[in-house]
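# Observations on chain architecture
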Amino acid sequence: MLNIADTLNRWCREARPFALATVVDVHGSAPLPTGTSVAVDAVGNAVGSISGGCVEGAVYELCQQVLHDRGAPQRAWFGYSDDDAFAAGLTCGGELDVLVRRVDPVAEPHLAAALADVAEGRPAAVAQIVDGPRDLLGSTLSVLGDGSMTYGTLDGGPAGQLVADEARALLRAGRTARVTVGGEADTCLEPLTALVHVHASRPRMLVFGAVDFAAALSRAGAFLGYRVTVCDARPVFATAARFPYADEVVVDWPHRYLERTAVDARTAVCVLTHDAKFDIPLLRLALDLPVGYIGAMGSRRTHDERLRLLHEAGVTKEQLARLHSPIGLDLGARTPEETAVSITAEIIAADHQGTGLPLSGLSGPIHIDERVPAPGGE
């Protein structure tokens with residue numbers, strides 16, 4: 001639902017009821033991911049898309065029915081049929097499980113608060129029950145960026161506490177996902193599944209080295225939604241004018257800046273200085289931090305010397321295994337712009353456990369979470 005947060009926030013401010021259709025599960029090559037929503041108000045205004053056009057008409061009609069009947073939430077399944085693909089709705093071969101519910105903003109002020117935070121760019125999470133006891137289906141709760149929580153149609157009992165804990169964890173990770181709680185002897189709760197919609201603060205990209213490659217990388221990072229910082233100890237090079245796409249430009253020794261700035265598991269550290277006096281203290285520190293990606297630029301010779309110096313500085317083999325060096329995928333990149341694509345492609349692959357290989361040379365599902373592990377694998 002957070003894909004249409006701006007419009008839903010406006011409808012909530014106007015106390016305008018609406019029907020919300022949300023993709024709560026996806027199988028195969030569906031066009032849009034879990035959590036994507038369409039909303040329809042009482043006069044027929046619609047916003048959003050869940051299939052890129054394949055089943056929008058059917059979803060629109062179902063939304064109108066649920067909105068005007070004021071009934072219980074409804075489920076709809078849209079899939080691919082070998083006999084009649086077009087009638088089934090999804091010719092891409094995927095399957096969508098859709099939950100449609102009526103939302104009254106006056107009755108769900110916690111939802112309105114979360115949507116307002118998202119519209120203002122603040123982190124928030126909304127958990128929606130998509131499987132479990134019928135009386136809880138569609139129930140929601142919100143977790144705001146400071147960790148506070150307002151229970152909505154999902155009460156504040158044990159089930160609500162468990163879902164809230166999962167929502168907080170996903171908000172910290174910046175990830176929308178389905179979670180299942182209960183169903184265990186120690187909880188004595190009937191199992192239920194929640195879809196947690198997450199809008200997290202932008203992940204950070206720390207680019208060290210105020211060089212031409214950094215200018216191109218900061219632009220690519222901003223395009224991908226990162227909050228980009230460029231850091232260099234040389235004030236003549238580290239200027240805002242040279243890096244217009246960076247959110248901030250810092251003049252400081254790289255390792256000193258990294259010591260005092262906040263990082264997390266979504267942070268990408270890109271070391272472009274290829275100068276040992278900057279690289280070694282910086283990488284020694286970075287490899288001991290819980291960041292998501294660490295890459296360092298340089299030739300094969302520079303890489304070998306870098307490993308030797310890091311080993312002498314006490315960095316372990318396990319820590320060195322986290323280092324992407326030389327940085328980037330093998331795209332044959334030459335220009336700063338091409339190199340920026342190479343680096344960001346590697347960051348994306350590392351984040352999603354991608355192979356970095358051409359899809360045309362692979363078989364099976366395109367999306368990694370749909371792939372079946374090889375026999376004997378994990």
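Small disclaimer: the values here were computed from a predicted structure and weren't measured.

### Concerning the overall build of the chain
The secondary structure content of the chain amounts to 11 helices and 16 strands. As presented, the chain carries roughly 18,500 Å² of accessible surface, and 52% of it is formed by carbon and sulfur atoms.

### Focus: the sheet that holds strand β15 (residues 293-296)
Across the sheet, 6 strands lie side by side as β13-β12-β11-β14-β15-β16; this open sheet has parallel pairing. Edge strands, defined here as strands with exactly one partner in the open sheet, are β13 (248-251) and β16 (323-324). In this sheet, β16 lies alongside β15 in parallel orientation, the contact comprising 2 bridges. Opposite I294, over in β16, you have L323 as the bridge partner. Along the sheet, helix α8 (residues 276-286) makes contact with β11 (204-208), β14 (268-271), β15 and β16, crossing β14 at roughly 165°.

### Quick word on the nonpolar core
Membership of the largest hydrophobic core comes to 22 residues, with the highest contact counts inside it found for M205, V207, L217, C270, L272, I343 and I347. Contributions of two or more residues to this core are made by β11, α6 (212-223), β12 (227-232), β14 and α11 (336-352). When residues in this core are grouped by element, the largest group, 4 residues, is from α6. Setting aside residues no more than four positions away along its own chain, C270 makes contact with M205, L206, V207, F208, L217, Y293, G295, I327, I343 and I347. Core analysis: the next-biggest nonpolar cluster, separate from the first, contains 21 residues, L206, L287, A296 and L320 among them.

### A word on helix α1 (residues 5-13)
Looking at α1, one finds that the buried residues are A5, T7, L8, N9, W11 and C12. Against the buried residues of α1 lie β1 (18-27), β2 (37-41), β3 (46-48) and α4 (109-119). A15, located one to two residues past α1, shows a positive phi value of around 55°.

### Structural notes on the pairing of strand β5 (residues 95-103)
For β5, a buried count of 8 out of 9 residues is recorded, marking the element as mostly surrounded by other parts of the structure. In terms of strand pairing, β1 meets β5 through 9 bridges, oriented antiparallel. Within the sheet, the bridge partner assigned to V23 lies in β5 and is V98. Of the strand pairs in this sheet, strand β4 (residues 74-78) and β5 are connected by 5 bridges, and their pairing is antiparallel. Residue pairing for β5: W77 is matched across the bridge by D97.

### Things to note about the packing of aromatic side chains
Evaluated as defined, the whole model comprises 3 aromatic pairs. For the ring pair W253 and F278, a centre distance of 4.9 Å and an interplane angle of 50° mean the geometry is tilted. One end of the pair, W253, is in the loop between β13 and α7 (254-260); the other, F278, is in helix α8, and 25 residues separate them in sequence. Judged by relative accessible area, F278 falls into the buried class, the value being 10%.

### What about the packing of α6 against α11?
One can describe the packing of α6 onto α11 by two numbers: an axis separation of 8 Å at closest approach and a directional angle of 55°. Classified by the interaxial angle, the pair formed by α6 and α11 is oblique. Here the hand of the crossing between α6 and α11 comes out right-handed. Taking contact as the criterion, the partners of D212, F213, A216, L217 and A220 in α6 are, on α11, P336, E337, T339, A340, I343 and T344. The class makeup of the residues in the contact of α6 with α11 is 7 nonpolar, 2 polar and 2 charged.

### Thoughts on the pairing of β11
The buried fraction of β11 amounts to 5 of the 5 residues, a majority that puts the element mostly inside the structure. Burial of the side chains of β11 extends over both faces: R204, L206 and F208 are buried on one face and M205 and V207 on the other. The sheet contact formed by β11 and β12 spans 5 bridges and is parallel. Looking at the pairing, M205 lines up with V228 of β12. Where the polypeptide runs from β11 across α6 and back to β12, its parallel neighbour, the crossover connection is right-handed. Note: β11 against β14, 4 bridges, orientation parallel. Opposite L206, over in β14, you have V269 as the bridge partner.

### Here we look at a nonpolar patch on the surface
Together, F223, L224 and I348 give the surface a local cluster of nonpolar side chains, amounting to about 340 Å² of exposed area. Of note, L224 is situated in the loop between α6 and β12. For L224, a relative accessible area of 40% translates into the label partly exposed.

Reading guide: rules and limits
Residues numbered from 1 in each chain as written. Predicted model: local features only at pLDDT ≥ 70, side-chain atom pairs only at ≥ 80, totals over all residues. Heavy atoms only, no water. Helix = DSSP H or I, 4+ residues; strand = E, 2+ residues; numbered from the N terminus. Areas by Shrake-Rupley, 256 points an atom, 1.4 Å probe, with all protein chains shown as cover. Pairing = 2+ DSSP bridges. Contact = heavy atoms within 4.5 Å. Axes fitted to C-alpha atoms, helices over the stretch in contact; angles between N-to-C directions. Core = buried A, V, L, I, M, F, W, Y, C linked by side-chain atoms within 4.5 Å. Buried < 20%, exposed > 50% of the residue type's maximum accessible area, 1.4 Å probe, protein only. Phe/Tyr/Trp six-rings, centres within 6.5 Å; stacked < 30°, edge-to-face > 60°. Parallel < 35°, antiparallel > 145°, perpendicular 65-115°, else oblique. Left-handed = near helix turned anticlockwise from the far one by under 90°. Nonpolar A, V, L, I, M, F, W, Y, C, P; charged D, E, K, R; others polar. Right-handed = clockwise from strand over helix to strand, strands pointing away. Patch = residues over 30% accessible without salt bridge, like charges linked within 9 Å, V, L, I, M, F, W, Y side chains within 5 Å. Salt bridge = Lys/Arg side-chain N within 4 Å of Asp/Glu carboxyl O.

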